[in-house]
Amino acid sequence: DAKTTQPTSMDCAEGRAANLPCNHSTISGNEYVYWYRQIHSQGPQYIIHGLKNNETNEMASLIITEDRKSSTLILPHATLRDTAVYYCIGPGSGNTGKLIFGQGTTLQVKP
Amino acid sequence: DAGVTQSPTHLIKTRGQQVTLRCSPKSGHDTVSWYQQALGQGPQFIFQYYEEEERQRGNFPDRFSGHQFPNYSSELNVNALLLGDSALYLCASSLRTGWWNEQFFGPGTRLTVL
């Protein structure tokens, strides 16, 4: 079973920052946290991953708490095309390329 | 670069039949993983292949089997199909040496079992 907790759904206004939280309290010290998203009828798409430090790439920023029990994915300027299911993945993956998906958060970006 | 490709796009089978799904990984990738995604659910890990061997397996029965070829492409076989096998089957490719990095997913094969 998935070992992450995410809100079922969230709304965000277009152009505003979208902050998606995730609880992964059972993560072990060397397990990465990954974020993927899935736009309707497509395969999941990698967004970002991190271990301890905050990470940023061209798509998003990842803020990981110091105790590593939770993280927040930040989309700085959400667009309508960011409407998707966002998955936080971590505990149980064992850093072996096996991704354990939960239910994810459905993000609806509204004009 | 074509990315990860899967075939066929859609497939309709009846209970008890057997099915084979195919996946070509992204150029340069050597590891292929398969996932099953039921409607409204997150993808569930089936198994992972590297160097033509099954390296990891999720909680799926032996009816689900796979193969990886020398060119790194892969097949997923499901025998004795059940209605519950209806799902989107996703293939993901990655580099073994970079397991901590991103996996690239294909568009999936939609299997319907009647």
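Above this text sits the structure in question.
Residues numbered from 1 in each chain as written. Chains lettered and ligands numbered in written order. Predicted model: local features only at pLDDT ≥ 70, side-chain atom pairs only at ≥ 80, totals over all residues. Heavy atoms only, no water.

Participant: If you had to explain the packing of aromatic side chains to someone new, which residues and values would you point to?
Facilitator: Evaluated as defined, the whole model comprises 11 aromatic pairs over all chains. Ring centres of Tyr 36 of chain A and Phe 105 of chain B lie 5.9 Å apart, and the angle between their planes is 85 degrees; on these two criteria the pair is classed as edge-to-face. Note that Tyr 36 of chain A is positioned in strand S3 (residues 33-38) and Phe 105 of chain B in strand S10 (residues 104-105), a pairing that runs across two chains. Between Phe 60 of chain B and Phe 64 of chain B the ring centres are 5.1 Å apart and the planes differ by 65 degrees, which places this aromatic pair in the edge-to-face class. Phe 64 of chain B sits in the buried class, given a relative accessible area of 2%. An aromatic cluster is present here, built from Tyr 36, Tyr 46, Tyr 87 and Phe 101 of chain A together with Tyr 35, Phe 45 and Phe 105 of chain B joined pairwise through their rings. (Phe/Tyr/Trp six-rings, centres within 6.5 Å; stacked < 30°, edge-to-face > 60°. Helix = DSSP H or I, 4+ residues; strand = E, 2+ residues; numbered from the N terminus. Buried < 20%, exposed > 50% of the residue type's maximum accessible area, 1.4 Å probe, protein only.)

Participant: Explain the sheet that holds strand S8 (residues 74-78) of chain B to me, and be specific about the residues and the numbers.
Facilitator: For sheets, the rule is that strands pair by backbone hydrogen bonds, running either parallel or antiparallel. Residues and elements named next belong to chain B. Spatial strand order, S1-S3-S8-S7: 4 strands in an open sheet with antiparallel pairing. Whereas interior strands pair on both sides, the edge strands pair on one side only; in this sheet they are strand S1 (5-7) and strand S7 (64-68). Within the sheet, the average angular offset between the axes of one strand and its neighbour, ignoring direction, is 20 degrees. Two strands pair when backbone bridges link them, and S1 and strand S3 (residues 19-24) are joined in this way by 3 bridges, in the antiparallel orientation. Bridge pairing in S3 links Gln 6 to Cys 23. (Pairing = 2+ DSSP bridges. Axes fitted to C-alpha atoms, helices over the stretch in contact; angles between N-to-C directions.)

Participant: I'd like a description of the interface of chain B and chain A, backed by residues and values.
Facilitator: When the parts come together, some accessible area is lost, and that loss is often what is quoted as the size of the interface. The interface of chain B with chain A comprises 22 residues on the first partner and 18 residues on the second. Contact between chain B and chain A buries roughly 1,600 Å² in total, counting both sides, with carbon and sulfur atoms accounting for 51%. Our enumeration of links across chain B and chain A arrives at 0 salt bridges. In this assembly, chain B and chain A are joined by 4 residue pairs in polar contact (both at pLDDT 80 or more). Secondary-structure elements contributing two or more residues to the side of chain B that touches chain A are strand S4 (31-37), strand S5 (44-50) and strand S9 (87-94) of chain B. (Contact = heavy atoms within 4.5 Å. Buried area = accessible area lost by both parts, 1.4 Å probe. Salt bridge = Lys/Arg side-chain N within 4 Å of Asp/Glu carboxyl O. Polar contact = N/O pair within 3.5 Å; in protein donor to acceptor, adjacent residues only side chain to side chain.)

Just geometry here; none of it tells us what the structure is for.
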